[in-house]
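# Geometric and topological summary
Here is what each chain is made of, one letter per residue.
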Amino acid sequence: MVQRLRRSAASVVMIGPTLVWLLVFLLAPLVIVVGISFLSKTPYGGVSLPFSLEAYSSMVKADYAKILGRSIWLSAKTTVLCLLFGYPLAAVIARSSKKVKPWLVLLIMLPFWINSMIRLYGWMTLLRTEGIINNILVGLGIIDSPLSMLYTDGAVLLGMVYELLPFAVLPLYTSIEKIDPSLIEAAGDLGAKKHRIFLRVILPLTMPGVFAGSIQTFIPALGLFYVSDMLGGGSSMYIGNLIKNQFLSARNWPLGAALALILIIITIILMRLYTKVGKLDDMV
Amino acid sequence: MQADKGIVVKMIDVVKNYGANRVVKKVNFDISEGEFLTLLGPSGCGKTTTLRMIAGFETVTEGKILLHGENVENKKPNERDVNTVFQNYALFPHMNVEDNIAFGLVEKKIPKAERTERVNEMLALVRLEGMGKRMPSQLSGGQKQRVAIARALVNRPKVLLLDEPLGALDLKLRKQMQSELKHLQQKLGITFVYVTHDQEEALTMSDRIAVMNNGIIEQIDTPKEVYNHPATKFVADFIGESNILEGYTEKMENGKMRVLFEEGKALIHGEGVGDDEIICICVRPENLRLSKTPVEGFSINGKVIEHIFTGSAIKTVIELVNGHRLTASVNPEAELFDVGESVHIYWTPERAVVLKTQEDTVYDVIETNPNQAIIDSLTKEG
């Protein structure tokens, strides 16, 4: 009995700090968000009692489903493009020589060390009407008048893919690197040509990486509001911007909180899917 | 190009360089139809590289490889009529046993009905009936090995290449798989090229053994010949146990040859050896005889150091006056010499094999017998 008590005391000491951290920084804010979503807004942007379901009913009434749909569509496009660009990139890194490999991985990680706002400003300078790309194209006589690239949906998609590509590349890289090279040799030995080896051996064995990469791209893509703010100029509304606006400009905290909750629920569903599919890993 | 009749693989002056490092040096040999050829040698001798060049995983730096008389220089592995069994099995982990075996048939676009039939035939051949739906992770090492063999054989290759296929199995299973593989090969009549560093495996399974060292083939012959008449010092040392002695020849009138060693005199069969030459000879432990009294023509004396019981025989270790140690294998029922006793060493002259001295090759010479370390440690403890 004493021993059991002592053991549980030890485990409290060990997991205690993590538990407190989770309570304060994860659970408490979540409870607050849930709470706020059920309160009424005050004229000057605060929240007060009584409890109200107004946020949720206004959500149904207004055309927010369209915005949510647009956000999911953008996230899906981003994810697909990240996978398409990320897979070959990951394959090249995974198959590069031992000397080069760490440097290539470093290059993938490098952008994380620079604030993403600053990196997006970089894109703005490139894409502007008087920007570098337009200047070069006009200068070379390829086009007569500058193209309007900034503040378009294309620019937003470009920014999203740019921001999230590393999240797709890293899990893909890990799963491609894990493949035993003798499996590829065996497939060739058994008569498979390159594209058949890819379809029958490499792709199925890297599916866990593909799933991980998609989830890790798709989830952040849903909430990424500043890319569309900066490169889209707010021309198209996405769920991330919508939530941000409710808190900052529209001063409708209950609605913002309710929308955020919807986003959190979608994320949880996807994460569940991810861990389930992630079990594929055991098979490999 | 006209194909030599019955020759499946022909290696002509095959060289492989990795950068400045030459790992295979002008290798020449032929493999006949239905033959079981083993490439035997220590790790890093170039045996696996040679096999991988036949499979097409490695390019040939110089020379040619002919498969059925056809130069395969520009043929990819998938275009060659050979299949490989890999050391680590290399089964596709996402496919069950059936799909693994059918992999090559699907690539060849064999219709489903025939595919199923051939897969089942293979499952029966390697005695894995009813295991078709299992995943590789659910199989034991021996079963995985059988799937790997079935997956290669189902394509009916002209040559089956096996890269240390039994290396990961425990001793008992390895012995069992050795005889299974040998029977399989005899039954199917397919040419096997087998890579191993295990001399016993090579001796028991092969029709011919190519002993490789430092990228060259030291000897290629039947197991019996390789064991009884090793061509070089390396072969004598690598295969079985050997007592190797170096000395001067001195011709005698009766066709015999006297050799003068640092340790004393001895007789050998003189065929093909000139007068006053420096030669190396090899005497197997089972051919080394011990006597209490001097034997005519021999004058090598030593002291019995110890007896080592090996189960089927007893090895008597003798130290010569110059410290060189020899091993004699004696019948366990025979009366043993006392440890410390002085003995005279002799052999039947025909049993001493003259080894080729290859001055152009530099060996990492293993001067002592392979069990020397064990013998030393035993002596110290005793």
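Quick notes on the rules
- Per-chain numbering applies: the sequence of each chain, read as written, is numbered from 1 onward.
- Each chain gets a letter, beginning with A, and each ligand a number, beginning with 1, in the order they are written.
- Note on the predicted model: pLDDT of at least 70 is required for a residue's local features to be given, and 80 or more for side-chain atom pairs to be given and counted; whole-chain, interface and lining totals, by contrast, use all residues.
- Each residue is classed by its C-beta neighbour count within 10 Å, where at least 20 other C-beta atoms makes it buried, 12 or fewer makes it exposed, and intermediate counts make it partly exposed; the C-beta atoms are placed from backbone geometry.
- Every helix listed is a DSSP run of H or I at least four residues long, and every strand listed is a run of E at least two residues long, numbered separately from the N terminus.
- Any two residues are considered in contact once their C-beta atoms, placed from the backbone, lie within 7 Å.
- Paired strands, in this sense, are two strands between which DSSP finds at least two bridges.
- Note: domain ranges come from an automatic or database domain assignment.
- Whenever a helix is involved, its axis is fitted only over the stretch in contact; in every case the axis is a line through C-alpha atoms, and angles between N-to-C directions fall within 0 to 180 degrees.
- Charged residues are taken to be Asp, Glu, Lys and Arg, nonpolar residues to be Ala, Val, Leu, Ile, Met, Phe, Trp, Tyr, Cys and Pro, and polar residues to be all remaining types, Gly included.
- As used throughout, a nonpolar core is a set of buried Ala, Val, Leu, Ile, Met, Phe, Trp, Tyr and Cys residues joined through C-beta atoms within 7 Å of each other.
- Every residue is assigned a pLDDT by the predictor, reflecting its confidence on a scale from 0 to 100.
- Under this scheme an angle from 65 to 115 degrees is roughly perpendicular, one under 35 degrees roughly parallel, and one over 145 degrees roughly antiparallel; angles in between are oblique.
- Whether a crossing is left-handed or right-handed is set by the direction in which the near helix is turned from the far one by less than a right angle, anticlockwise for left-handed and clockwise for right-handed.

### Brief notes about helix 8 (residues 181-189) of chain A
Turning to helix 8 of chain A, its buried residues number three or more, namely L183(A), A186(A), A187(A), G188(A) and D189(A). Where the residues of helix 8 of chain A are buried, they touch helix 9 (194-223) of chain A together with helix 1 (47-55) and strand 6 (82-85) of chain B. Trailing helix 8 of chain A by a residue or two, G191(A) shows a phi angle of about 105°, which is positive.

### Points about the pairing of strand 14 (residues 278-283) of chain B
Residue and element names in this part refer to chain B. For strand 11 (residues 243-251) and strand 14, the ladder comprises six bridges, and the chain directions are antiparallel. Directly across from I244, in strand 14, lies its bridge partner C282. Strand direction decides the pairing type here: strand 14 and strand 20 (residues 353-355), joined by three bridges, are antiparallel. Residue pairing for strand 20: C282 is matched across the bridge by V353.

### Focus on the domain arrangement of chain B
All names here are of chain B. Looking at chain B, the domain boundaries give domain 1 (7-228) and domain 2 (233-381). Centre-to-centre, using C-alpha coordinates, domain 1 lies 37 Å away from domain 2. Opposite the nine residues of domain 1 that make contact, domain 2 presents seven residues. If you list the elements that add at least two residues to the side of domain 1 that touches domain 2, you get strand 9 (208-213), strand 10 (216-221) and helix 7 (223-228). The element contributing the most residues to the side of domain 1 that touches domain 2 is strand 10, with three residues.

### Looking at the sheet that holds strand 18 (residues 325-330) of chain B
Residues and elements named next belong to chain B. With antiparallel pairing, the five strands of this open sheet are ordered in space as 15-19-16-17-18. Among the strands making up the open sheet, the edge pair consists of strand 15 (289-291) and strand 18. Between one strand axis and the next, the sheet turns by 45° as a mean value, whatever way the strands run. The pairing of strand 17 (residues 314-320) with strand 18 spans six bridges and is antiparallel. Across the sheet, residue V317 finds its bridge partner in strand 18, namely T327.

### Thoughts on the interface of chain A and chain B
Residue-level contacts link 17 residues of chain A with 18 residues of chain B. Looking at the side of chain A that touches chain B, the elements that each hand over two or more residues are helix 8 and helix 9 of chain A. Residue contributions to the side of chain A that touches chain B peak at six residues, all from helix 8 of chain A. A breakdown of the residues in the side of chain A that touches chain B according to their chemical character gives nine nonpolar, three polar and five charged.

### As for the sheet that holds strand 11 of chain B
All names here are of chain B. The strand order 13-12-11-14-20 describes an open sheet built from five strands, whose pairing is antiparallel. Whereas interior strands pair on both sides, the edge strands pair on one side only; in this sheet they are strand 13 (264-269) and strand 20. Ignoring which end each strand starts from, the neighbouring axes of this sheet average 45° apart.

### Observations concerning the nonpolar core
Membership of the largest hydrophobic core comes to 105 residues, with the highest contact counts inside it found for V193(B), V211(B) and I281(B). Both domains that meet at this core, namely domain 1 (7-228) and domain 2 (233-381) of chain B, each give it at least three residues. Residues within four places of V193(B) in sequence aside, it is in contact with I31(B), L37(B), L39(B), L51(B), I54(B), V159(B) and L161(B). In this structure, Y151(A), L165(A), A212(A) and V227(A) belong to the second largest nonpolar core, which totals 44 residues.

### A few points about the confidence of the model for chain A
Per-residue confidence for chain A averages 84 on the pLDDT scale, and 96% of its residues sit at or above 70. Within chain A, no element has a lower average pLDDT than helix 13 (residues 280-283) of chain A, which sits at 47, and none a higher one than helix 8 of chain A, at 92.

### Some words on the packing of helix 7 (residues 153-178) of chain A against helix 9 of chain A
Residues and elements named next belong to chain A. Their axes nearest at 8 Å, the elements helix 7 and helix 9 cross at an angle of 160°. Taken together, helix 7 and helix 9 sit at an angle that is classed as roughly antiparallel. Helix 9 is crossed by helix 7, and the crossing has right-handed handedness. Seen from helix 7, the contacting residues are M160, L164, F167, A168, P171, L172, T174, S175 and I176; seen from helix 9, they are T206, P208, G209, V210, A212, G213, Q216, T217, P220 and A221. The class makeup of the residues in the contact of helix 7 with helix 9 is twelve nonpolar, seven polar and no charged.

### Looking at the pairing of strand 1 (residues 7-18) of chain B
Residues and elements named next belong to chain B. As defined by bridge partners, strand 1 adjoins strand 2 (residues 21-32) across eight bridges and the pair is classed as antiparallel. Across the sheet, Y18 pairs through a bridge with N21, a residue of strand 2. Of the strand pairs in this sheet, strand 1 and strand 4 (residues 62-67) are connected by five bridges, and their pairing is antiparallel. Bridging across to strand 4, I12 finds its partner in K64.

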